[in-house]
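Overview (structure and organization)
Spelled out from the first residue to the last, the chains are:
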Amino acid sequence: MIKGREIKENNSSFPFTYRDDLRWVKSQFLKFEIFQFPNPYLCLVENQKKDIRKLSLTELEEFFVAQGEKKFRAKQVYEWLWNKSLKNFDDMSNLSLSTRELLKNHFSINHIQVDLMQHSSDGTIKNAVKLFDDKIVESVLIPTTKRITACVSSQVGCSLDCNFCATARLKRMRNLTPGEIYDQVVAIKEEAETYFQRPLTNIVFMGMGEPLLNYANVIEAIDKITAPEGLGMAPRRITLSTVGIPKMIRKMADDDVKFNLAISLHSAINETRSRLMPINDTNPLEDLGDALKHWYHKTKRKVTYEYVIWEGVNDDERHARALAKFCKIIPSKVNIIQYNPIDEGEFRQAKPEAVELYVRILESQGIIAKVRKSRGQDIDAACGQLANKNEVAQLSSI
């Protein structure tokens, strides 16, 4: 909420109650926005410029009409914001100077800033992204011979406490806005063109935070990224990765989303998965399986299971066969991901023999299983390593 203060009726420390002096209250309308709260409260909130990207196209049209401007100005501004990714009203060259001043007087553009860019020896780039309120998240550009992928964050921190993940050690501070998610993609798109002379091809929501706990903003960001009047990327090139929240997977299916779904699974045995991921205590595999059936019934799209094999945790035949059985619930494939250690934690990458055991069992059941090598380990940019370790992030938290 915008900074302000709430005043209860008959608060003697304040010179009026909201019923006592209406003329005085009216005189404050130029300085304050007035909100009435139930039973009864008065909240005086100092005017601040609103981020223009929080307005829909319809709301922009209403604004321009109210200001005596032509309605079509809204579409011009909308194109500057979401198609051309402009960060400054002054650069909106097809608007008159007076219209640009009007926008500057009423709105801001709360775009991100890449405060630190780290380059890995394998070509991976990690961005420390500063938000308008000085909080920090991280995003990653992952280059391969065939594609360039943007790995983006959806929250500042995370609340899910997965024991193997560095981000889980960070307190969840807030959700990212659609504009902040969109901006991460734009930044990586520009880096791909600058450093690789190639276009951005794919987007994965596998950065900091749980996307389904910021559902509305993530969906709106994806809409802006895929819309023709936005970045125009194909939805099939976007993958949302989640720990697996059954009710939200059902909602995605009902909302007829067009992007891909990946589940951070790591065990198909409840006891083991709960040890790794406490959310499994309240969202067990049986509920997840039912939600995935609903997903496939609605979308007819297979799911990808992300799976790390740890020594002494899930590196035996029992766990491999449990995974193969779970994969039969709906059409699926498995990405076996190399573990990236965080400090001196309790988890260790399984031996190659265990990985080979998994692949052999899965393939014998007709399940596609690919072993993925991590990239960006030397700059803590690999899967599970995003934890704001850089100096910029540490200074911003002081």
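Please refer to the structure placed before this passage.
Below: a short report on this structure. In this text the structure is predicted, and so the values were computed from the model without any measurement.

With that out of the way, let us pick up the pattern of salt bridges. All told, the structure shown has 16 salt bridges when counted by the stated rule. Two residues, Lys104 and Asp90, come together in a salt bridge whose shortest N-O distance is 2.9 Å. Residue Lys104 is found in helix α4 (residues 97–106), and its partner Asp90 is found in the loop between α3 (73–82) and α4; the two are separated by 14 residues along the sequence. Of the residues examined, Lys104 reaches a relative accessible area of 23% and is grouped as partly exposed. Residue Lys258 pairs with Asp256 through a salt bridge whose shortest N-O separation is 3.1 Å. Residue Lys258 is classed as partly exposed on the basis of its relative accessible area of 47%. Asp256 gets classed as partly exposed once you look at its relative accessible area, which sits at 41%. A single network of salt bridges, built from pairs that share partners, joins Asp133, Lys135, Arg174 and Glu180.

Another point: the pairing of strand β6 (residues 113–119). Pairing between β6 and strand β7 (residues 125–130): six bridges, direction antiparallel. Counted as the bridge partner of Gln113 is Lys130 from β7.

On to the pairing of β7. The buried count for β7 comes to five of six residues, which makes it a mostly enclosed element. Joining the antiparallel neighbours β6 and β7 is a turn of five residues, in which Gly123 adopts a positive phi near 100 degrees. Here β7 runs beside strand β8 (residues 136–143); their pairing, made up of six bridges, is antiparallel. Across the sheet, Val129 pairs through a bridge with Val137, a residue of β8. Linking β7 back to β8 in an antiparallel pair, the connection comprises five residues, with Asp134 at a positive phi of about 70 degrees.

Once that is clear, we can look at a positive patch on the surface. A surface patch of like charges, here positive, comprises Lys146, Arg147, Arg236, Arg237, Lys370 and Arg372. In this structure, Arg237 sits in the loop between α6 (215–226) and β13 (238–242).

Considering all chains together, one arrives at eight aromatic pairs under this definition. With 5.7 Å between their ring centres and 70 degrees between their planes, Trp310 and Tyr339 make a pair best called edge-to-face. Of this pair, Trp310 sits in the loop between β15 (303–308) and α10 (317–326) while Tyr339 sits in the loop between β16 (332–337) and α11 (352–364); the two residues are 29 residues apart in sequence, bridging distant segments of the chain. Both residues of the pair, Trp310 and Tyr339, count as buried. Among the aromatic residues, those joined into a cluster by ring pairs are Phe63, Phe64 and Phe107. Note that Lys84 overlies the ring of Trp80, its terminal NZ or CZ placed 4.1 Å from the centroid. Seen from the ring of Trp82, Lys224 lies directly overhead, with NZ or CZ sitting 5.1 Å from the centre.

Of all ten residues making up α3, eight are buried, and the element is well covered by its neighbours. Within α3, the full set of buried residues consists of Arg73, Ala74, Gln76, Val77, Tyr78, Trp80, Leu81 and Trp82. As for α3, its buried residues are in contact with α2 (57–66), α4, α5 (178–196) and α6.

Here we take up the packing of α5 against α6. One way to put it is that α5 packs onto α6 with a least axis distance of 8 Å and a crossing angle of 45 degrees. Comparing the axis directions of α5 and α6 gives the class oblique. Relative to α6, α5 is oriented so that their crossing is right-handed. Packed against α5, whose contacting residues are Pro178, Ile181, Tyr182 and Val185, the element α6 presents Asn217, Val218, Glu220, Ala221, Lys224 and Ile225 at the interface. In terms of residue class, the contact of α5 with α6 is made up of seven nonpolar, one polar and two charged.

Looking now at the sheet that holds strand β17 (residues 368–372). Pairing is mixed across the open sheet formed by ten strands, whose spatial order is β6-β7-β8-β9-β12-β13-β14-β15-β16-β17. Here the strands that pair on one side only, and so sit at the sheet edges, are β6 and β17. In this sheet, neighbouring strand axes are inclined to one another by 20 degrees on average, regardless of whether the strands run parallel or antiparallel. Where α6 meets the sheet, it contacts β12 (202–205) and β13, and its direction lies at approximately 165 degrees from that of β13.

A separate point is unusual backbone geometry. Despite not being glycine, His266 has its phi angle at roughly 70 degrees, a positive value. With respect to the helices, strands and loops of the structure, His266 is situated in the loop between β14 (260–264) and α8 (270–276). You can call His266 buried: its relative accessible area is 3%.

Within α2, the full set of buried residues consists of Leu60, Glu61, Phe63 and Phe64. Down the axis of α2, the buried side of the element spans an arc of 160 degrees, and every buried residue falls inside it. In α2, the exposed positions angled more than 90 degrees off the buried face are occupied by Glu62 and Ala66. Tucked inside the fold, the buried residues of α2 contact α3, α4 and β5 (107–108). Positive phi shows up at Gly68, right after α2, with a value of about 80 degrees.

About the cut-offs
- Residues numbered from 1 in each chain as written.
- Predicted model: local features only at pLDDT ≥ 70, side-chain atom pairs only at ≥ 80, totals over all residues.
- Heavy atoms only, no water.
- Salt bridge = Lys/Arg side-chain N within 4 Å of Asp/Glu carboxyl O.
- Helix = DSSP H or I, 4+ residues; strand = E, 2+ residues; numbered from the N terminus.
- Buried < 20%, exposed > 50% of the residue type's maximum accessible area, 1.4 Å probe, protein only.
- Pairing = 2+ DSSP bridges.
- Patch = residues over 30% accessible without salt bridge, like charges linked within 9 Å, V, L, I, M, F, W, Y side chains within 5 Å.
- Areas by Shrake-Rupley, 256 points an atom, 1.4 Å probe, with all protein chains shown as cover.
- Lys, Arg positive; Asp, Glu negative; His and termini not counted.
- Charge placed at Lys NZ, Arg CZ, Asp CG, Glu CD.
- Phe/Tyr/Trp six-rings, centres within 6.5 Å; stacked < 30°, edge-to-face > 60°.
- Lys NZ or Arg CZ within 6 Å of the ring centre and 35° of its normal.
- Contact = heavy atoms within 4.5 Å.
- Axes fitted to C-alpha atoms, helices over the stretch in contact; angles between N-to-C directions.
- Parallel < 35°, antiparallel > 145°, perpendicular 65-115°, else oblique.
- Left-handed = near helix turned anticlockwise from the far one by under 90°.
- Nonpolar A, V, L, I, M, F, W, Y, C, P; charged D, E, K, R; others polar.
- Arc of directions from axis to C-beta.

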